[in-house]
Amino acid sequence: MTAYWCELAWLGGERAEAGVLIDVEDGLIVGVTGGAPAPPAGAVRLDGVTIPGLANAHSHAFQRALRGRTQQGAGSFWTWREQMYRLADRLDPESYLALARATYAEMALAGITCAGEFHYVHHGPGGTPYQDPNEMGRALIAAAHEAGVRITLIDACYLHGGIGEPPGGTQERFSDGSVERWVERVEGLRDDDSVRIGAAVHSMRAVDPESAAAVAGWAGQGGRPLHAHVSEQLVENEACVEAYGRTPTVLLADAGGLEGSFTAVHATHLDDADVRLLGDAGACCCVCPTTERDLADGIGAMRRLVDAGASLSLGSDSHAVIDPFEEARAVELDERLASAERGRHGAAELLRAATEGGHACLGWSDAGRIEPAARADLVTVSLDSVRLAGTAPETAVESLVFAATAPDVRSVIVDGREVVSEGRHVSIDVTRELHQAVLRVLA
Ligand SMILES: [Zn+2]
């Protein structure tokens, strides 16, 4: 057993608590005791604020290579997508493993203990399957394992280049040709202690309603999380209404998609009926504010969704930035800009979205909280940076959410194993590997 003494620890309430002892055995938390003013003999000392593991509920690992490379000139989501497709065209299982491993290691440095990888680059050029049709998915699983984080591989069904259109160009790499072939392929993937397999309907642009129902059925049967990109762009809503007379949310609801553990990624442009459907279903909405800003998507109405009964999680999506603190405060700050009101989401609520909410929507109900029987994920944020110097214990949760950045994370423990120590990854030179992996896929 290992005992950790936390100067301050956030146990899920409105405030952090001082002097908390956390006992860990076989990767699980077995005891949490408050009121320990000093570390007992033999305890590992964690100075700063210790929080549960952060979950990145929406990632496309390869898009890390686009960072800083899509910022020139005018454009839109759709012009960005062309650049993204050109990058996707260059991936092979080996280069993707290296890029994803470095990207997940960057996440670990930011306090992320679990990645939700929304995976759609399945096949080789022209759509030719690899000898193992899950070779790309397995590369992502290996990458997470090597980086020391858990992964939920959210395998996305992608069949159409647009409503009623066949996939073209790069999209051929995404498509299995039919939902039956998608099921056959994902049946070859297995869960283990650090891997969960989930399902996704890429979007209602890329999957017809009948196939979406089959994906939802497969996820429901296995009790697996189901994710979908929902209403990220207005054009997508217009196309669905024109083709089917229904919004993407209503189409997904009619396909049975909201019946199990459903996560609507983005959920930016919703009407009142969409909000009611997601709220009544208790669905999760995964907000990705730094990407939504970067792609000029718009600002979602997350307060309205939470009030209707939905829960929140956070994702760094295209990895324009990997910083869960920035994602968390952006939910509130972007809504302030749109609503001219402050205090729509409290700091503790946002931190719950970043930890427990993210893990829950990725199928890890046993993670994201510091409590007995939970997975021993402990993320310690130092208070001795210029950003956090002067933090008061009573408002430490607010300081973390509204002022911390990823480099303030000093120590990360995942399932009881140390992955980041003194701000450095224990086994990966993350800067060097990112540099090499990005240049390699762009070469
Ligand atoms: Zn996405």
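Scroll up a little and you will see the structure.
Each chain has its residues counted from 1, following the order in which its sequence is written. Only residues with pLDDT of at least 70 get local features here, since the model is predicted, and only at 80 or more are side-chain atom pairs given and counted; chain-wide, interface and lining totals rely on the full set of residues. In computing side-chain properties, one takes all heavy atoms of the structure into account and sets aside hydrogens as well as water.

Another aspect to go through is helix H11 (residues 324-339). If you check H11, its first and last C-alpha atoms are 23 Å apart, about what 16 residues at 1.5 Å a residue would give, namely 22 Å. The largest bend in H11 is about 35 degrees, located at Ala330. Residue exposure (1.4 Å probe, protein chains only): buried if accessible area is under 20% of the type maximum, exposed if over 50%, otherwise partly exposed. Every helix listed is a DSSP run of H or I at least four residues long, and every strand listed is a run of E at least two residues long, numbered separately from the N terminus. Three or more residues of H11 are buried, namely Pro324, Phe325, Glu327, Ala328, Arg329, Ala330, Val331, Glu332, Asp334 and Glu335. Positive backbone phi, at 60 degrees, marks Ala340, one or two positions downstream of H11. For a helix, the expected span equals 1.5 Å multiplied by the number of residues minus one. Consider a residue and the seven residues that end there alongside the seven that start there; fitting an axis to each set, the bend is the angle between those axes.

Our focus in this paragraph is the packing of helix H4 (residues 179-186) against helix H5 (residues 209-221). When two helices pack together, their arrangement is given by the angle between the helix axes and by the axis-to-axis distance. With their axes 10 Å apart at the nearest point, H4 and H5 run at an angle of 25 degrees to one another. On the basis of their axis angle, the class for H4 and H5 is roughly parallel. Two packed elements cross with a definite hand, and for H4 against H5 that hand is right-handed. Facing H4, whose interface residues are Val179, Trp182, Val183 and Val186, H5 presents Ser211, Ala214, Val215 and Trp218. Every angle, taken between N-to-C directions, lies between 0 and 180 degrees, and every axis is a line fitted to C-alpha atoms, over only the stretch in contact when it is a helix. Between 65 and 115 degrees an angle is taken as roughly perpendicular, under 35 as roughly parallel, over 145 as roughly antiparallel, and anywhere else as oblique. Here a crossing is taken to be left-handed if its near helix is turned anticlockwise relative to the far helix by less than a right angle, and right-handed if that turn runs clockwise. Whether two residues touch is decided by their heavy atoms; if any such pair falls within 4.5 Å, the residues are in contact.

Where helix H2 (residues 93-109) meets helix H3 (residues 135-147), the closest approach of the two axes is 8 Å, and the angle between their N-to-C directions is 35 degrees. You can see that H2 and H3 cross each other, and the crossing is right-handed. Judged by residue contacts, Pro93, Tyr96, Leu97, Ala100, Arg101, Tyr104, Ala105 and Ala108 of H2 engage Glu135, Met136, Ala139, Leu140, Ala142, Ala143, Ala144, Glu146 and Ala147 from H3. Of the residues in the contact of H2 with H3, the class split is 14 nonpolar, no polar and 3 charged. Under the grouping applied here, Gly and all other residues not named as nonpolar or charged are polar, the nonpolar ones being Ala, Val, Leu, Ile, Met, Phe, Trp, Tyr, Cys and Pro and the charged ones Asp, Glu, Lys and Arg.

So, about the nonpolar core. Joining through side-chain atoms within 4.5 Å is the link that ties buried Ala, Val, Leu, Ile, Met, Phe, Trp, Tyr and Cys residues into a set, and such a set is a nonpolar core. Residues Phe62, Tyr104 and Phe262 are the most contacted members of the largest nonpolar core, which totals 129 residues. When neighbours within four sequence positions are excluded, Phe262 is seen to be in contact with Leu226, His227, Ala228, Val230, Leu252, Gly257, Leu278, Ala283 and Cys284. With 12 residues, the next largest nonpolar core counts Tyr4, Val20, Val24 and Leu46 among its residues.

What follows concerns the sheet that holds strand S8 (residues 195-201). A pair of strands is considered paired only if DSSP assigns at least 2 bridges between the two. Taken in spatial order, the 8 strands of this open sheet run S5-S6-S7-S8-S9-S10-S11-S12, and their pairing is parallel. With partners counted over all chains shown, the strands left at the sheet margins are strand S5 (54-59) and strand S12 (311-314), one partner each. Shown here is a sheet whose adjacent strand axes are inclined to one another by a mean of 25 degrees, direction ignored. Bridge count between strand S6 (residues 112-119) and strand S7 (residues 150-157): 6 bridges; the pairing is parallel. By the bridge assignment, Cys114 is partnered in S7 with Arg150.

Okay, the side chain of His266 next. As for its placement among the helices and strands, His266 is situated in strand S10 (residues 262-266). In protein, a polar contact means a hydrogen-donor-capable atom and an acceptor-capable atom, both N or O and within 3.5 Å, with residues adjacent in sequence counting only if both atoms are side-chain atoms; elsewhere, any N or O pair within 3.5 Å suffices. Polar side-chain contacts of His266 include one of 3.3 Å to the side chain of Glu232. Separated by 3.3 Å, the side chains of His266 and Asp317 make a polar contact. Ignoring anything within four residues of it in the chain, the contact list for His266 reads His229, Val230, Glu232, Cys286, Cys288, Glu292, Asp297, Met302 and Asp317.

Right, let's talk about the pairing of S5 for a bit. Burial of S5 is extensive: 6 of the 6 residues sit out of reach of the surface. Strand direction decides the pairing type here: S5 and S6, joined by 4 bridges, are parallel. Counterpart to Asn56 in the pairing with S6 is Ala115.

On to the coordination of the zinc ion. Only nitrogen, oxygen and sulfur atoms qualify as donors, and only when within 2.8 Å of the metal (3.2 Å in the case of Na, K and Ca); with water excluded, sites may look incomplete. Listed as protein donors to the zinc ion are His58 (NE2), His60 (NE2) and His229 (NE2); their distances from the metal cover 2.1 to 2.2 Å. Along the chain, the residues donating to the zinc ion fall in the pattern H-x1-H-x168-H. Remark: His229 occurs in strand S9 (residues 226-230) and His60 occurs in the loop between S5 and helix H1 (77-88); sequence separation between them is 169 residues. Residue classification places His60 among the buried positions, given a relative accessible area of 2%. Under the relative-accessibility criterion, His229 is labelled buried at 8%.

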